[in-house]
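Each chain, letter by letter, is given below.
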Amino acid sequence: MSLQHILFDLDGTLTDPAEGIIKCYQYSLGRLNASCPPAEALTAFIGPPIRATFAAVLETDDEALIEQALTIYRERFSTIGLFENRIYEGVPEMLAELRASGYDLFVATSKPKVYAEKILSHFALDGYFIKVHGNELNGRLDDKAELVSELLARHRLRPSETMMVGDRWHDIAAARRNNISSLGVTYGYGSEAELHTAGVDHICHTPGDIVRLIKREYGQRAQAI
């Protein structure tokens, strides 16, 4: 395999969004007078599409109720919650080194694109990426495999030259369904067991490990960006 393009998940891979996401779930469920799991239990829902999370937490398939919960969640997230976030240590250095080594970097996140772009700009990470691809507010790309498929098609990326980096099983599943390689990180919200069960190709424990593994396995591109 000749690696050229690297797709990064956002939550749990580039930034730790736990504070904002947990507070927004608590805000939404509180407004609905619904039972709210403990904060530590809510961390299990960081990463997957939010509609599926509300369906699970509310134990419902009532689409109207799920959309109501999501609307309330976004009242807080769109103004406050998205910035209750922090960059994982070593991420800017990792991105800079990969760019300098000639790799094309993209973001592929289940978070709505409008929020992902604001977060990346806020933390001055946006300049490392060729393009940010995210979910749509109406949930059109809730299935991450479809999101990745659309990204590959739009930029005419060869699957054999592309890798997905993420922290949860659905990142790995999206990679496998699109015939691209996968790298799972353990510093986010998915366990090593979760990633292995999903069929991950590589495991890394720190952002620095990602750079070392990619350079060891795939080398440096002939021409830096």
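Preceding block: the structure.
Residues numbered from 1 in each chain as written. Predicted model: local features only at pLDDT ≥ 70, side-chain atom pairs only at ≥ 80, totals over all residues. Heavy atoms only, no water.

Chemist: Can you lay out the environment of Thr 197 for me, pointing to particular residues and giving the numbers?
Modeler: Counting through the fold element by element, Thr 197 comes out in helix α9 (residues 192-198). Once the C-alpha coordinates of Thr 197 and Thr 53 are considered, the two residues, 144 residues apart in sequence, prove to be 21 Å apart. Within polar-contact distance, the side chain of Thr 197 engages the backbone oxygen of Ala 193 at 2.9 Å. (Helix = DSSP H or I, 4+ residues; strand = E, 2+ residues; numbered from the N terminus. Polar contact = N/O pair within 3.5 Å; in protein donor to acceptor, adjacent residues only side chain to side chain.)

Chemist: Go over helix α7 (residues 144-155), please, and point to the residues and values.
Modeler: Taking 1.5 Å as the rise per residue, α7 with 12 residues should run 16 Å; its terminal C-alpha atoms sit 17 Å apart, in good agreement. Looking only at α7, the buried set comprises Lys 144, Ala 145, Leu 147, Val 148, Leu 151 and Leu 152. In an axial view of α7, the angular spread of the buried residues amounts to 160°, which keeps them on one side of the axis. Turned more than 90 degrees away from the buried face of α7 sit Ala 153 and Arg 154, all of them exposed. Buried positions along α7 lie against β1 (5-8), β4 (104-112), β5 (131-135), β6 (162-166) and α8 (169-177). In this structure Asp 143 caps α7, since a side-chain oxygen of it lies 2.9 Å from the backbone nitrogen of Ala 145. Following α7 by one or two positions, Arg 156 has its phi on the positive side, about 55°. (Expected span 1.5 Å × (residues − 1). Buried < 20%, exposed > 50% of the residue type's maximum accessible area, 1.4 Å probe, protein only. Arc of directions from axis to C-beta. Contact = heavy atoms within 4.5 Å.)

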